[in-house]
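Architecture at a glance
So the chains spell out like this:
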Amino acid sequence: MNYPSLFSPLKVGPYQLKHRLALAPLTRMRAAKPSLAPRPLNAEYYAQRATPGGLLIAEASPVMETGFGSPGVPGIYTEQQIAGWREVVDAVHARGGDHLPAALACRARLAFLVPARRRAAGRAIGGADRRPEDR
Amino acid sequence: MTADGKAVLYETPRALETSEIPGVIDAYRQAAKNALQAGFDGVEIHGANGYLIEQFLQSHTNLRTDQYGGSIANRVRFLMEVTKAVVEVWGADRVGVRLSPYGVANGSGEPDPMPLYTHAVEQLNPLGLAYLHFIEPRSSGAGRAEVNHQNVPSAMVLFRPIWKGVLITAGGFHRRGRGCRDRRWPCRRGRVRPHLHLQSRTCRAACSAASR
């Protein structure tokens, strides 16, 4: 093996990985609309990338309704979304020994796609008032 | 853009009231519980790419005057409160944190990232997290066109000495001697360390050796 360190085991938390290549969280915008729940396409995507003893990090998933920054990003705050993620997790685990952490994100301030009917909460929020030159 | 893809004008966001912040932290906590229910193996807190946590961290977006703005310690506070809330749900060894110290995605920016991120690492160290995950300064969640940190050392060089746990870095890895087909991500020969020729240039992160 040319890369002894890359292909050697590594313990991450309680999990014993068999190699050190990980899938970084990648925004794919493929969730069902309007539920923003993962669907079979998402399960297929992650299962395709699974390797025994690997580490896949799920895409950044908004923790609240006002935390979206792009259309079609799966959320993780409704029962339907949780059920969709369960399908994804099961598909990955069925590939054998993969470890899949969820990535929790809140993109508030980028949250420009809150549907009008959900605007009751008011304007998009952010950590601070953005500077005028920001888009 | 609306959820159904209709283009509309950007709205100007407002800053969170200090009193609203605990509610946002609760949303992270609840999402961590949801991830547990969905059967995930752990949780990564995404504090990079101009998302909310990075908006608090970096001075370009954090103009607050309360205990969450101003000093480095104040700007790191929100990250720590979210992380501790998620750790309460999962236990520290199943929680990772992702950061992009030199990131410029989505209007973020920090003129001098190392003091800020050194403080963040020092605060995170004692928690005993599963890993810390950096986006490489040479890369960006917004694509390379916005990157102006090509001469900054790798996150492995910057943070391996101070982070005590498993370190993951992502961004700018590519196959040896093969050009990238995407013109937006030009291939730079010799940039990747010899032991890090990966199967895909950006889709995989490389875990450096654990030192604990």
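Preceding block: the structure.
One structure accompanies this document, and this report is about it. Everything numeric here is computed off the predicted structure, so don't read it as measured data. (Residues numbered from 1 in each chain as written. Chains lettered and ligands numbered in written order. Predicted model: local features only at pLDDT ≥ 70, side-chain atom pairs only at ≥ 80, totals over all residues. Heavy atoms only, no water.)

Moving on to the nonpolar core. If you look at the biggest cluster of nonpolar residues, it comprises 68 residues, and the most contacted ones within it are Tyr28(B), Phe40(B), Phe78(B) and Val86(B). Per element, the largest residue contribution to this core is ten residues, and it comes from helix H3 (residues 72–90) of chain B. Phe78(B) has contacts with Ile21(B), Val24(B), Ile25(B), Tyr28(B), Leu52(B), Ile53(B), Phe56(B) and Tyr68(B), leaving out every residue within four places of it along the chain. The next biggest cluster of nonpolar side chains, apart from the first, holds eleven residues, and it includes Leu17(A), Ile57(A), Ala130(B) and Val166(B). (Core = buried A, V, L, I, M, F, W, Y, C linked by side-chain atoms within 4.5 Å. Buried < 20%, exposed > 50% of the residue type's maximum accessible area, 1.4 Å probe, protein only. Helix = DSSP H or I, 4+ residues; strand = E, 2+ residues; numbered from the N terminus. Contact = heavy atoms within 4.5 Å.)

This part covers helix H1 (residues 21–37) of chain B. For H1(B), which comprises 17 residues, the first-to-last C-alpha distance of 25 Å matches the rise-based estimate of 24 Å (1.5 Å per residue) to within 8%. Looking at H1(B), one finds that the buried residues are Ile21(B), Val24(B), Ile25(B), Ala27(B), Tyr28(B), Ala31(B), Ala32(B), Asn34(B) and Ala35(B). (Expected span 1.5 Å × (residues − 1).)

This brings us to the pairing of strand S3 (residues 95–99) of chain B. All names here are of chain B. The buried fraction of S3 is high, at five of five residues. By the alternation rule, side chains of S3 split into Val-95, Val-97 and Leu-99 and Gly-96 and Arg-98, which are all buried. Of the pairings in the sheet, the one linking strand S2 (residues 42–47) to S3 comprises five bridges and is parallel in character. Each residue of the ladder has a partner; that of Val-43, found in S3, is Val-95. Bridge analysis of S3 against strand S4 (residues 131–135) gives four bridges, and the strand direction is parallel. Considered in S4, the bridge of Leu-99 is made with Phe-134. You can see the chain leave S3, run along helix H4 (residues 113–124) and come back into S4, and the turn it takes is right-handed. (Pairing = 2+ DSSP bridges. Right-handed = clockwise from strand over helix to strand, strands pointing away.)

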